[in-house]
Amino acid sequence: MEFRRTHYTTQITPQMDTQTARLAGWVHEIRDLGGIMFLILRDREGLTQVTLFKKTIDPDVLQIAKSLSRESVITIEGVVKKEPKAPNGYELIPTQIDILNPAQSPLPMDTTGKVDAELDTRLDNRFMDVRRPKTQAVFRIRHHMLSAVRGFLEQEGFIEITTPKVVATATEGGTALFPITYFDTEAFLNQSPQLFKQIMMSGGMDRVFEIGAIFRAEEHDTRRHLNEATSIDVEASFVDHEDVMQVLERLVAHVYLTVSEDAASSLNTLGIELNIPELPFKRLTYDEAIEVNNEHSKELLEWGDDLSTNAEKVIGEVIGAHYFIKDWPTEIKPYYTQPYEDEPVITKAFDLMHPRMELSSGAQRIHDYDLLRKRIQDQGLNPDGFEFYLKAFRYGIPPHSGWGLGAERLLMTMLDVDNIRDVVLFPRDRKRVSP
RNA sequence: GUCCGGAUAGUGUAGGGGACUACCAUGAAGGCCUGUCGAGCCUUCGACCCGGGUUCGAAUCCCGGUCCGGGCGCCA
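Residues numbered from 1 in each chain as written. Chains lettered and ligands numbered in written order. Predicted model: local features only at pLDDT ≥ 70, side-chain atom pairs only at ≥ 80, totals over all residues. Heavy atoms only, no water.

A. Representation of the overall build of chain A in the model. The number of helices and strands found in chain A is 12 helices and 16 strands. Across chain A, contacts joining residues at least 24 apart in sequence account for 64% of those joining residues at least 6 apart. Total accessible area on chain A is roughly 21000 Å²; 49% of this is exposed by carbon and sulfur atoms. If you average the places of the 49 positive and of the 68 negative side-chain charges in chain A, the two averages end up 7 Å apart. (Helix = DSSP H or I, 4+ residues; strand = E, 2+ residues; numbered from the N terminus. Contact = heavy atoms within 4.5 Å. Areas by Shrake-Rupley, 256 points an atom, 1.4 Å probe, with all protein chains shown as cover. Lys, Arg positive; Asp, Glu negative; His and termini not counted. Charge placed at Lys NZ, Arg CZ, Asp CG, Glu CD.)

B. Highlighting the pairing of strand 15 (residues 357-364). Among the eight residues of strand 15, six are classified as buried, and the element is accordingly described as predominantly covered. Here strand 14 (residues 346-354) runs beside strand 15; their pairing, made up of six bridges, is antiparallel. Each residue of the ladder has a partner; that of Phe 350, found in strand 15, is Gly 362. Summarising the sheet, strand 15 and strand 16 (residues 400-406) pair through five bridges and their orientation is antiparallel. Bridge pairing in strand 16 links Ser 361 to Gly 404. (Buried < 20%, exposed > 50% of the residue type's maximum accessible area, 1.4 Å probe, protein only. Pairing = 2+ DSSP bridges.)

C. Broad picture of the domain arrangement of chain A. The domain architecture assigned to chain A consists of domain 1 (5-101) and domain 2 (129-281 + 321-423). Its C-alpha centre places domain 1 at a distance of 47 Å from the equivalent point of domain 2. (Domains from an automatic or database assignment.)

D. Broad picture of the sheet that holds strand 7 (residues 166-167). Spatially, the three strands line up as an open sheet ordered 7-9-8, and their pairing is antiparallel. Taken across any chain shown, the strands that pair with only one partner, and hence form the sheet edges, are strand 7 and strand 8 (179-182).

E. The protein's contact with RNA strand B, seen in detail. The environment of RNA strand B is made up of 52 residues, and the closest members are Arg 31, Arg 223, His 225, Thr 309 and Ser 361. Among all atoms of RNA strand B positioned within 4 Å of the protein, those belonging to sugar or phosphate total 57%. Here a phosphate oxygen of RNA strand B and a side-chain polar atom of Glu 29 are 3.0 Å apart. With three residues, strand 1 (residues 20-32) is the largest single contributor of residues to the surface near RNA strand B. (Near = heavy atom within 4 Å. Polar contact = N/O pair within 3.5 Å; in protein donor to acceptor, adjacent residues only side chain to side chain.)

F. Summary view of the nonpolar core. Grouped together as the largest cluster of nonpolar side chains are 47 residues, with contacts concentrated most on Met 145, Leu 153, Val 255, Val 259, Trp 403 and Met 414. Those elements that place two or more of their residues in this core are helix 4 (133-155), strand 10 (207-215), strand 11 (228-237), helix 6 (241-262), strand 14, strand 15, strand 16 and helix 12 (407-415). Filtering out sequence-adjacent residues up to four positions away, Met 414 remains in contact with Ile 141, Met 145, Val 255, Tyr 256, Val 259 and Leu 274. If you look at the next biggest cluster of nonpolar residues, it comprises 21 residues, including Leu 39, Leu 41, Ile 57 and Leu 62. (Core = buried A, V, L, I, M, F, W, Y, C linked by side-chain atoms within 4.5 Å.)

G. A look at a nonpolar patch on the surface. Among the surface-exposed residues, Met 1, Phe 3 and Leu 100 lie close enough to one another that they form a single nonpolar patch of about 340 Å² accessible area. Examined against the element boundaries, Phe 3 turns out to sit in the segment before strand 1. (Patch = residues over 30% accessible without salt bridge, like charges linked within 9 Å, V, L, I, M, F, W, Y side chains within 5 Å. Salt bridge = Lys/Arg side-chain N within 4 Å of Asp/Glu carboxyl O.)

H. Expanded view of unusual backbone geometry. With an omega dihedral of -10 degrees, the bond running from Leu 279 to Pro 280 counts as a cis peptide bond. One can find Pro 280 in the loop between helix 7 (264-270) and strand 12 (282-285). Of note, the bond from Ser 434 into Pro 435 is cis; its omega dihedral lies within 30 degrees of zero at 0 degrees. Take Pro 435: it is sitting in the segment after helix 12. Even without a glycine there, the phi angle at Asp 206 is positive, about 65 degrees. Mapping Asp 206 onto the fold places it in the loop between helix 5 (194-202) and strand 10.

I. Structural context of helix 8 (residues 286-296). Within the span of helix 8, buried status applies to Tyr 286, Ala 289, Ile 290, Val 292 and Asn 293. Summarising the axial view, the buried residues of helix 8 lie within an arc of 160 degrees, below the 170-degree limit, and thus occupy one face. On its buried side, helix 8 packs onto strand 12, helix 9 (309-319) and strand 13 (323-329). (Arc of directions from axis to C-beta.)

J. The arrangement of the packing of aromatic side chains in detail. On inspection of all chains with the given rule, the structure shows nine aromatic pairs. Taking the centre distance of 5.8 Å and the plane angle of 40 degrees together, the rings of Phe 196 and Phe 388 count as tilted. With Phe 196 in helix 5 and Phe 388 in helix 11 (residues 387-390), this residue pair connects regions lying 192 residues apart in the sequence. With a centroid separation of 5.0 Å and 70 degrees between ring planes, the pair formed by Tyr 389 and Phe 393 is classed as edge-to-face. The exposure classification of Tyr 389 matches that of Phe 393, with both residues buried. Above the face of the Trp 328 ring, Lys 333 is positioned so that its terminal group lies 4.4 Å from the ring centre. The cationic tip of Lys 348 hangs over the ring face of Tyr 340; the distance from NZ or CZ to the ring centre is 5.7 Å. (Phe/Tyr/Trp six-rings, centres within 6.5 Å; stacked < 30°, edge-to-face > 60°. Lys NZ or Arg CZ within 6 Å of the ring centre and 35° of its normal.)

K. Quick look at the pairing of strand 11. In terms of burial, strand 11 is a largely internal element, nine of the 10 residues being buried. As judged from the nine bridges shared by strand 10 and strand 11, these two strands associate in the antiparallel manner. Directly across from Ile 214, in strand 11, lies its bridge partner Ala 229. Pairing geometry for strand 11 and strand 16, over seven bridges, is antiparallel. Bridging from a neighbouring strand, Glu 235 pairs with Gly 402 of strand 16.

Pasting the structure below:
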C-alpha cells in the first residue's frame with residue numbers, strides 16, 4: 001500500500017485541474033448529504049475537501065468512505081477538480097481511499113473547534129489536542145521563536161553549547177532541587193546552566209549560549225511557573241551587564257520581527273498581530289522601581305525587598321512595555337553577581353520585565369576568585385561543594401556577563417497566552433508528570 | 001503551603017431538597033436529503049467524583065477524601 005503523499009493539502013491549487021494527487025492525513029469531518037458526500041481531509045498544513053458523487057463514484061470507494069470514522073488516518077488518491085463552490089476553489093474527486101489506521105469512537109476531545117475542552121482534558125490527550133489548528137499554531141510559532149533565537153545569537157558570534165542536566169551540587173542556594181539516584185550515589189537535576197557557561201568563559205569560548213531544560217523543585221502552583229522549563233542562556237566575556245542587556249533587548253525585538261514574518265500563517269490562525277517592541281527598552285534602577293510601586297500601589301515596599309507579584313503588575317501597568325530593572329541590592333541577588341566597586345550594596349544585576357511578568361535576569365559576574373569564594377560563604381553555602389566551579393577562576397578568567405531568558409515566558413507574553421502550560425507540549429508541574 | 005471556587009453522558013454545559021423519567025450543544029448509531037463548508041431535519045444511545053451522614057425524599061444540604069481551577073506565597 002502506497003502511503004507517501006504527492007502533495008500537502010495547501011500545495012494543491014485550482015490550476016491543477018484534471019491532475020491526479022495523493023493526499024495523506026486525518027479524516028477531519030464527514031458531511032453526507034445523500035446523493036453527494038463531502039469528506040474533509042486534514043494534514044499538517046491545512047484542509048482539503050474531497051467530494052464523492054454517489055451516482056458516479058466507484059462503489060468500492062464509496063463503501064470505504066462510508067465506513068470512515070473521524071480522525072482515522074487515510075490516504076486519498078484522486079483527480080483535482082476546479083470548483084468555485086468548494087473551499088479554496090478546488091476539490092478532490094477520489095479514485096482510491098486507503099485506511100491506514102482507523103480511529104476509535106468516541107474521541108477523547110473535539111478537534112474541529114465546535115466544542116471546547118478544558119486544559120486538563122487537552123493535556124491528557126495532547127496527541128489529539130495538537131491536531132487542532134490553534135494548538136498546532138502555538139507550537140509552530142515556538143519552533144520559529146527558537147529558530148530566531150539561534151539565528152540571532154549565531155550572527156552575534158555566540159557558540160551553542162550543551163551542559164549536563166545531571167549534576168552533583170546546587171547551582172546556588174535557595175531553589176529546591178530534584179534529587180535523583182545516580183548509580184550508587186545521589187545527584188540532582190540541574191536548575192540552571194549558570195556554572196557551566198561561566199566555566200566556558202575561563203575556557204576562552206568568549207560568547208556561548210544554550211537552549212535547554214532547567215528543573216526547579218519548588219512547589220509553586222501558578223500559571224507562569226513550571227517545574228521543568230526551557231531556558232535560553234547566554235554568557236559573554238570582556239563585556240559588562242549593559243552590553244548583554246543590549247544583546248537581550250535586540251534579541252527580543254529580533255524574535256518578534258522574525259516570528260511575525262516566518263510564522264505569519266500560524267499567527268493568523270491564532271488571530272494575533274505582533275507589535276515589534278521598540279528599542280531601547282526603558283531602564284529603571286531598582287530604586288526607581290520601588291518609587292514607582294510606592295506611588296501607584298497600596299502595598300508599599302522598602303529598600304531591600306524583592307518585588308512582589310503585585311509590584312511587578314503595578315510597575316508593568318505604569319511602563320506599559322518591556323523594561324529593565326537594574327542595580328539591585330546585592331543581598332537579594334545570587335552570590336555570583338558583581339557588586340559595584342564604588343557602592344557594593346548594589347550589584348550589576350538586571351531583570352528584563354514584560355508588563356505581565358519577569359522574562360529574564362542577568363548580571364555582570366564576579367570574576368575575582370577571592371571575592372567569589374567569600375560571597376559563596378556569605379550566602380551560607382560551602383565553597384568546597386563548588387570546587388569544580390571555583391577552580392576555573394584561579395587560572396585566568398575574563399570579566400564576563402550573561403543572562404537567562406525563560407523561553408516559555410517569552411512565548412506566552414508574545415502570544416498573550418494566560419497559562420504557561422499552553423506553550424509547552426508536555427508540561428511538568430506540581431500535579432502532572434504524565435503524559 | 002494557604003485562601004477561595006469547582007467536580008453532571010466521550011467533550012463542553014444547565015439544574016442548588018420532591019415536577020429529574022436530569023436541560024442544551026457536540027458526538028455516536030439509524031433514517032431522509034446532489035453543493036455542504038460549525039450543513040439541515042427525524043428517531044435512538046450515553047452522565048450526577050468516592051465514602052459517610054441529615055431527611056419521608058439528596059445531583060442539590062452537612063462531614064471526610066480524591067481530583068481540578070483561580071489568587072497569593074515560595075520562586076537566577
